[in-house]
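Architecture at a glance
Here is how the chains run, residue by residue.
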Amino acid sequence: MFDQFEKANVQFFAARARKEPNVPSALTREKFDLAENEITCWDGYEKTPLVPLDGLSRALDLGSIHYKNEGPRFGLGSFKALGGAYAVMLLLQREIAKSSGKPVSLAEIRKKTFAEQAAALTVISATDGNHGRSVAWGAARFGARCRIYIHAEVSEYRAQTIRMLGAEVIRLDGDYDAAVAQTRVDAEKHGWHIVSDTSWEGYTQTPTEVMAGYGVMAREVVRDLPTAPTHVFLQGGVGGLAAAVSKSFHDAWGADAPRIFLVEPELAPCLYASAAAGAMTAVDIEAETIMAGLSCGVPSAVAWPVLSALVSGFVTIPEHVVAPAVRMLANGNATNHRIEAGESAVAGLCGLICAATQRDLRDAMVLNEDARIVLIGSEGVTDPTVFNRLLADAK
């Protein structure tokens, strides 16, 4: 059952332990509070399930494993629904208040009180798929125009789901980071407004608001668990999800907060490279990973300081473990019912199984019969063609 994981070439970098981590203050409790108060009153809001993977925890001789299944989130298929749309809302609030010269409430944005002003604004973003879908959904929900930039390897199915939300989709040569660069050029040229889930020097407010939206998911986990977990395995990307979850858990549990392990594709290890270098470090994407949402070469400047303070270890995983993990969930082998998960959702699961089945990693991460694990299943099936190919791939 675990042969491919046990034999996988996994790289692990243990971060320096900090008894009292100095966590940057950009992601405050107040920002998480504001996001939670707003998003939980949206039409269609429902808490997503935290699923016990009892079969898997027994097989790995671990205390418990819980999988936060973000597939049902707002009908958009991923946790990204919480961040991009919320950031669109706050951007419209700021811009309309600026142009009108008077305060504007989030309730007024939600009710489209300033529909004419909103319709004059264009929001843009680069995406591997899920974030762009959230931005497009938010723009449609709150009445703004939207342009989404995708790179050459983003599937046509994902592009079409964004178009169906009313956004214009621009496909570019190059990778995700090239698409991000083009949004910066076009925003400056046309006066459009970037709603990005990554950040750079001089551009931090909106990405921080995106991450605050992700905190809704993390707080749901906190409320669903009777005690703090001992370990959390999180997927990488630019680091926004991992930073939001890490900070939320640190806020909730303090000294009892779990060890955080961050898992990335070996083809896109920008956070692993940053940890090893001791500073935020970009990597070249020479080949695209199957984990499309994690194909990022440049860390988020807002997320990295949080991760460097709170993450216990950084892990890279090979491509060949993704399909077995997707099949394990889909076939019901990990729990009592089937979970349909996208390829980027299982990075943490892959990292956990690899670590639990390789003695040196198991010992280094203190994975034992008392370990209580949380995994973030960040997406459901966001491209059926990719999902079906992974199910059929029995290599």
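Residues numbered from 1 in each chain as written. Predicted model: local features only at pLDDT ≥ 70, side-chain atom pairs only at ≥ 80, totals over all residues. Heavy atoms only, no water.

1. Considering helix α17 (residues 384-392)
Selection rule: When a residue's accessible area, from a 1.4 Å probe over protein chains only, is under 20% of the maximum for its type it is buried; when over 50% it is exposed; and in between it is partly exposed. In this text, helices come from DSSP runs of H or I with a minimum length of four residues, and strands from runs of E with a minimum of two, each type numbered from the N-terminal end. To obtain the arc, one takes the directions from the helix axis to the C-beta atoms. The definition of a polar contact used here is a pair of N or O atoms within 3.5 Å, where within protein one atom must be able to donate a hydrogen and the other to accept one, and adjacent residues in sequence count solely through side-chain atom pairs.
Taken together, the buried positions of α17 are occupied by V386, F387 and L390. Viewed along the axis of α17, the buried residues span an arc of 100 degrees, placing them on a single side of the element. In α17, the exposed positions angled more than 90 degrees off the buried face are occupied by T385 and A392. Sitting at the amino-terminal end of α17 is D383, which places a side-chain oxygen 3.0 Å from the backbone nitrogen of T385.

2. Observations regarding the nonpolar core
Heads up, the condition is: Side-chain atoms within 4.5 Å are what join buried Ala, Val, Leu, Ile, Met, Phe, Trp, Tyr and Cys residues into a set we call a nonpolar core. Should any heavy atoms of two residues lie within 4.5 Å, those residues are counted as being in contact.
One finds W42, L92 and F314 to be the most contacted residues of the largest nonpolar core, which totals 84 residues. What L92 contacts, discounting residues up to four positions off in sequence, is I109, A118, L121, F142 and A144. In terms of nonpolar packing, the next biggest core, distinct from the first, is built from 48 residues, F5, V322, L329 and V386 among them.

3. Quick look at the environment of H231
Looking at the element boundaries, H231 is found in strand β8 (residues 231-235). Relative accessible area serves as the criterion here: at 1%, H231 is assigned to the buried category. For H231, the residues in contact, after removing those within four places along its chain, are P258, R259, F261, M365, V366, L367, A371, R372, I373 and V374. Within the structure, H231 has its side chain in polar contact with the backbone oxygen of V366 (distance 3.2 Å).

4. Topic: the packing of aromatic side chains
Heads up, the rule is: Pairs were defined over the aromatic rings of Phe, Tyr and Trp, the Trp ring being its six-membered one, requiring ring centres within 6.5 Å. Orientation was assigned from the angle between planes: stacked under 30 degrees, edge-to-face over 60, tilted for the rest.
Inspection of the entire model under this criterion finds twelve aromatic pairs. Measuring from centroid to centroid gives 5.8 Å for W42 and F74, while their planes differ by 50 degrees, and the two rings are tilted. On the criterion of sequence distance, the pair formed by W42 in the loop between α2 (29-39) and β2 (50-52) and F74 in the loop between β3 (64-69) and α4 (84-100) is long-range, its members being 32 residues apart. Plain terms: the ring middles of W304 and F314 are 5.9 Å apart, the flat faces sit at 45 degrees to each other, and that makes the pair tilted. Note that W304 is positioned in helix α13 (residues 303-310) and F314 in strand β10 (residues 311-317), a separation of ten residues in sequence. When its relative accessible area of 2% is taken as the criterion, F314 is described as buried.

5. Notes on the pairing of β8
Formally: For two strands to be treated as a pair, DSSP must find no fewer than two bridges joining them.
For β8, the tally of buried residues reaches five of five residues, placing the bulk of the element in the interior. Residue alternation in β8 divides its side chains into two sets, H231, F233 and Q235 and V232 and L234, and both sets are buried. As paired strands, β8 and strand β9 (residues 259-265) are joined by five bridges and run parallel to one another. Within β9, the residue paired with L234 across the bridge is L262.

6. Here we look at the sheet that holds β8
Spelled out, the test is: Axis definition: a line fit to C-alpha positions, over the contact stretch in the case of helices; interaxial angles, taken between N-to-C directions, run 0 to 180 degrees.
The strand order across the open sheet formed by seven strands is β1-β10-β9-β8-β11-β3-β2, and the pairing between neighbours is mixed. Sheet topology places β1 (11-14) and β2 at the edges, where each strand pairs with a single neighbour. The mean angle between the axes of side-by-side strands here comes to 20 degrees, regardless of whether they run parallel or antiparallel. Pairing geometry for β8 and strand β11 (residues 372-377), over three bridges, is parallel. Paired with F233 across the strands is L375, a residue of β11. Together, β2, β3 and β11 form the strand contacts of helix α10 (residues 205-224), whose direction differs from that of β3 by roughly 140 degrees. Here α13 sits on the sheet and contacts β9 and β10; the angle it forms with β10, its principal contact strand, is near 110 degrees.

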